[in-house]
Amino acid sequence: GVDLVIPAGALPASVPISLTSTKLDAPDGYTPASPVYQLGPEGLTFLVPVQIRISLVGQVDQPTVFWSKLGADG
C-alpha cells in the first residue's frame, strides 16, 4: 500500500532507503486510515521533491497527512 517515487537528482549519491510500517499510533483525536510509516535513514534530505503514495483503508472524506522528524514534535 505504499509507493515511494524518487526522481533523478533527488539525492547527491546512492543511498539505501527504507520505508517501514511501524506500531506507532496516529495523533490523538485522529483515526488512522493507513499504517504509520517510517522513512530512513534518519536525517535524509532530498534535493528535489519526492512523492509518497499511501493507500487508504475505508471511507476517508478528508485525509490528513502528519509528517514529523524523530525526536521532534509533529
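In this text, all values refer to a predicted model and were calculated from it rather than measured experimentally.

A few points about the overall build of the protein
Right, on to step 1. Scanning the protein for helices and strands turns up zero helices and four strands.
Right, on to step 2. Taken from the N to the C terminus, the helices and strands of the protein come in the order β-β-β-β.
Right, on to step 3. By its C-alpha atoms, the protein is 40 × 25 × 20 Å across when sized along the principal axes.
Right, on to step 4. When contacts within the protein are restricted to residue pairs at least 6 apart in sequence, those whose partners lie at least 24 apart make up 56%.
Right, on to step 5. Carbon and sulfur atoms make up 52% of the accessible area of the protein, which amounts to about 6100 Å² in all.

Focus: unusual backbone geometry
Right, on to step 1. Following Gly40, the chain continues to Pro41 via a peptide bond in cis, the omega torsion being 10°.
Right, on to step 2. Examined against the element boundaries, Pro41 turns out to sit in the loop between strand 3 (36-40) and strand 4 (51-54).

What about the side chain of Thr22?
Right, on to step 1. The residue Thr22 is located in strand 2 (residues 18-22) in this model.
Right, on to step 2. A distance of 3.2 Å separates a polar atom in the side chain of Thr22 from the backbone nitrogen of Leu24.
Right, on to step 3. Those residues in contact with Thr22 that sit more than four places away from it in its chain are Val36, Tyr37 and Gln38.

A short note on the environment of Thr31
Right, on to step 1. The topology assignment puts Thr31 in the loop between strand 2 and strand 3.
Right, on to step 2. Spatially, the C-alpha atom of Thr31 lies 15 Å from that of Ser55, the residues being 24 residues apart in sequence.

Focus on the side chain of Ser34
Right, on to step 1. With respect to the helices and strands, Ser34 occurs in the loop between strand 2 and strand 3.
Right, on to step 2. Excluding anything up to four places from it in sequence, Ser34 contacts Ile54, Ser55 and Leu56.

Remarks on the environment of Gln59
Right, on to step 1. Along the chain, Gln59 falls in the segment after strand 4.
Right, on to step 2. The class for Gln59 is exposed, based on a relative accessible area of 72%.

Digging into the confidence of the model for the protein
Right, on to step 1. Looking at the protein, the pLDDT average stands at 82 and 92% of residues meet or exceed 70.
Right, on to step 2. Within the protein, the element-level pLDDT minimum falls on strand 3, averaging 85, and the maximum on strand 1 (residues 2-5), averaging 89.

Parameters and conventions
- Residues numbered from 1 in each chain as written.
- Predicted model: local features only at pLDDT ≥ 70, side-chain atom pairs only at ≥ 80, totals over all residues.
- Heavy atoms only, no water.
- Helix = DSSP H or I, 4+ residues; strand = E, 2+ residues; numbered from the N terminus.
- Contact = heavy atoms within 4.5 Å.
- Areas by Shrake-Rupley, 256 points an atom, 1.4 Å probe, with all protein chains shown as cover.
- Polar contact = N/O pair within 3.5 Å; in protein donor to acceptor, adjacent residues only side chain to side chain.
- Buried < 20%, exposed > 50% of the residue type's maximum accessible area, 1.4 Å probe, protein only.
- pLDDT = per-residue confidence, 0-100.

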